[in-house]
Amino acid sequence: MTLTEIANEWRPPMTSLVDRKVIVIGGSSGIGLGVAEAALNCGAEVVIVSRSPAKLQAAERTLNTGHVTSLVADMTDEADVARLFEEIGPFDHLVSTAGTLPPGDPIGSTDMEAVRGFVENKLIGAVMLSKHAVRTLKAGGSMTFTSGINKDKPPVPGGSVVSAIAGSFSYFARALALELAPTRVNVVSPGWVDTPMWDIVGEAKSSFFADMAARLPSRKIPTAADVAAAYVYLMESEFTTGETIRIDGGHNLI
Ligand SMILES: NC(=O)c1ccc[n+]([C@@H]2O[C@H](COP(=O)([O-])OP(=O)(O)OC[C@H]3O[C@@H](n4cnc5c(N)ncnc54)[C@H](OP(=O)(O)O)[C@@H]3O)[C@@H](O)[C@H]2O)c1
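If you're wondering where the values come from, they're calculated on a predicted model, not measured in any experiment.

Conventions adopted
- Residues numbered from 1 in each chain as written.
- Predicted model: local features only at pLDDT ≥ 70, side-chain atom pairs only at ≥ 80, totals over all residues.
- Heavy atoms only, no water.
- Helix = DSSP H or I, 4+ residues; strand = E, 2+ residues; numbered from the N terminus.
- Buried < 20%, exposed > 50% of the residue type's maximum accessible area, 1.4 Å probe, protein only.
- Contact = heavy atoms within 4.5 Å.
- Areas by Shrake-Rupley, 256 points an atom, 1.4 Å probe, with all protein chains shown as cover.
- Lys, Arg positive; Asp, Glu negative; His and termini not counted.
- Charge placed at Lys NZ, Arg CZ, Asp CG, Glu CD.
- Phe/Tyr/Trp six-rings, centres within 6.5 Å; stacked < 30°, edge-to-face > 60°.
- Core = buried A, V, L, I, M, F, W, Y, C linked by side-chain atoms within 4.5 Å.
- Salt bridge = Lys/Arg side-chain N within 4 Å of Asp/Glu carboxyl O.
- Right-handed = clockwise from strand over helix to strand, strands pointing away.
- Pairing = 2+ DSSP bridges.
- Axes fitted to C-alpha atoms, helices over the stretch in contact; angles between N-to-C directions.

Caption draft 1: Inspection of the overall build of the protein at higher detail. The number of helices and strands found in the protein is 8 helices and 7 strands. Overall, the C-alpha framework of the protein stretches about 60 × 45 × 35 Å when taken along its three principal axes. Out of the 254 residues belonging to the protein, those deemed buried represent 46%. For the protein, the share of sequence-separated contacts (at least 6 apart) that also reach a separation of at least 24 residues comes to 69%. If you sum the accessible surface of the protein, you get close to 12,900 Å²; carbon and sulfur atoms cover 56% of it. Charge centroids of the protein, computed over 21 positive and 28 negative side chains, lie 4 Å from each other.

Caption draft 2: The packing of aromatic side chains, seen in detail. In this structure the tally under the stated criterion is 6 aromatic pairs. Taking the centre distance of 6.2 Å and the plane angle of 40° together, the rings of Phe145 and Phe169 count as tilted. Here Phe169 lies in helix H6 (residues 160–180) and Phe145 lies in strand S5 (residues 137–146), a separation of 24 residues in the sequence. On the accessibility criterion, Phe145 (1% relative accessible area) is buried. Here Phe169 falls in the buried class, since its relative accessible area comes to 2%. With a centroid separation of 5.3 Å and an interplanar angle of 75°, the aromatic rings of Trp198 and Phe209 are classed as edge-to-face. Of the two residues, Trp198 sits in the loop between strand S6 (184–190) and helix H7 (204–215) while Phe209 sits in helix H7, which places them 11 residues apart along the sequence. Here Trp198 and Phe209 have matching classes, each one buried. An aromatic cluster of three or more residues is present, and its members are Phe145, Phe169 and Phe172.

Caption draft 3: Local environment of the nonpolar core. With 35 residues, the main nonpolar core has Ile25, Phe85, Leu94 and Met143 as its most contacted residues. Contributing elements (two or more residues each) for this core: strand S1 (21–25), strand S2 (45–50), helix H4 (78–88), strand S4 (91–96), helix H5 (112–133), S5, H6 and S6. It is H6 that contributes the most residues to this core, 9 residues altogether.

Caption draft 4: Spatial organisation of the pattern of salt bridges. Taken as a whole, this structure holds 9 salt bridges when the rule is applied. With a closest N to O distance of 3.4 Å, Glu87 and Arg83 form a salt bridge. Remark: Arg83 and Glu87 occur in helix H4; sequence separation between them is 4 residues, near one turn of the helix. Judged by its relative accessible area of 31%, Arg83 falls in the partly exposed class.

Caption draft 5: Structural detail: the side chain of Ser142. Residue position: Ser142 is located in strand S5. Beyond its immediate stretch of four places on either side in the chain, Ser142 contacts Asp92, His93, Leu94, Leu137, Thr183, Arg184, Leu234 and Met235.

Caption draft 6: A look at the pairing of S1. Burial runs high along S1: 4 of the 5 residues are buried. Chirality of the crossover, the property in question, places the unit of S1, helix H2 (residues 30–41) and S2 among those that are right-handed.

Caption draft 7: Examining the sheet that holds S1 more closely. Strand order across the open sheet formed by 7 strands is S3-S2-S1-S4-S5-S6-S7, with parallel pairing between neighbours. In the strand order of this sheet, the two ends are held by strand S3 (68–72) and strand S7 (244–247), each with one partner. Adjacent strand axes in the sheet meet at a mean angle of 20°, parallel and antiparallel pairs treated alike. Summarising the sheet, S4 and S5 pair through 4 bridges and their orientation is parallel. Paired with Val95 across the bridge in S5 is Thr144. Contacts between helix H3 (residues 53–63) and the sheet are confined to S2 and S3, with S3 contributing the most and set at about 175° to the helix.

Shown next, in the form of C-alpha cells:
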C-alpha cells in the first residue's frame with residue numbers, strides 16, 4: 001500500500017467512549033465480540049465475559065489490545081454474577097448479547113428441560129445481571145440487552161417459546177428504564193447476523209443466507225460489526241431509554 005493510499009484510508013480515532021468501562025456479557029463470540037471491538041474503537045476499556053476460558057482467550061487474541069480484559073462467568077449462576085461485578089468495580093455500560101440456541105419443538109412435543117434451560121440462560125440471566133450490576137453501574141450509564149427477529153417472525157412450528165422470551169425483553173427494558181432512571185435500559189433486536197451461532201447449519205449456511213438476503217429489503221445479511229453500531233449508539237445516546245431498536249435489514253416487514 002502506498003503512503004497516499006494509507007493516508008486516504010486513515011480515519012481519526014473515535015472518542016465517544018473514552019474513559020468509559022464497558023462490560024460485554026457474551027463478548028467472546030459473534031455479536032458480543034463485534035460490540036467489544038466497536039467499543040474499543042470508540043476509546044472504551046472493555047471487559048468481555050463468557051463461560052468458556054478458551055473462547056475468551058481466542059477473543060482477546062482477536063481484539064489484540066491492552067484495553068480489553070476477560071473474565072469467566074456464567075450469567076445463570078448468581079454467585080458467579082455477584083463475584084463478576086465485585087471484581088470489575090465501578091463501570092459505565094453493561095451490554096449482554098449472551099444466549100444459546102432456542103428450543104424449536106412444536107408445542108405438543110415440548111422438552112420442558114430444554115425450555116427451562118433457555119429461559120434460565122436468556123431471561124433469568126438478564127434479571128440476575130441487572131440485579132447485581134446496579135450496585136456498581138455509574139450514574140449516566142446504561143444497560144443494553146439483546147432480543148431478536150424471532151419475536152416478530154416466529155419460526156412455525158416451534159417458535160412460541162423463543163418468540164415469548166425475545167418479546168419479553170422490550171417490556172423488561174421499559175419497566176427497568178423507569179425504575180433505574182436516569183440509568184438507561186434498552187434492547188437491540190437483530191435479524192439474522194452472520195455469527196458462529198449459525199455454524200450449526202454447516203454448509204447450508206451460505207445458501208440460507210443467500211436466500212434470506214434476496215428477500216430482505218437490505219438485500220444483505222449483516223456482520224457482527226454492522227449490528228454493533230446499534231449498541232454503541234445506545235451507550236452514547238443520553239436520550240434513548242426503554243427502547244427496542246430493530247437492526248434486522250427490514251426482516252420484520254416481509
Ligand atoms: N446470530 C443471529 O442471527 C441472531 C439473530 C437474532 C438474535 N440473536 C441473539 O443474539 C445473541 C448473540 O448471538 P450470537 O450470534 O452472537 O451468538 P454466539 O456467537 O453463539 O455468541 C453467544 C455468546 O454468549 C456467551 N454465553 C452463552 N451463554 C452464556 C452464559 N450463560 N453466561 C455467559 N456467557 C454466555 C457465549 O460464550 P460461552 O459459550 O463461552 O459462554 C458467546 O460468547 C443470542 O442471544 C441470539 O439469540 C442472534
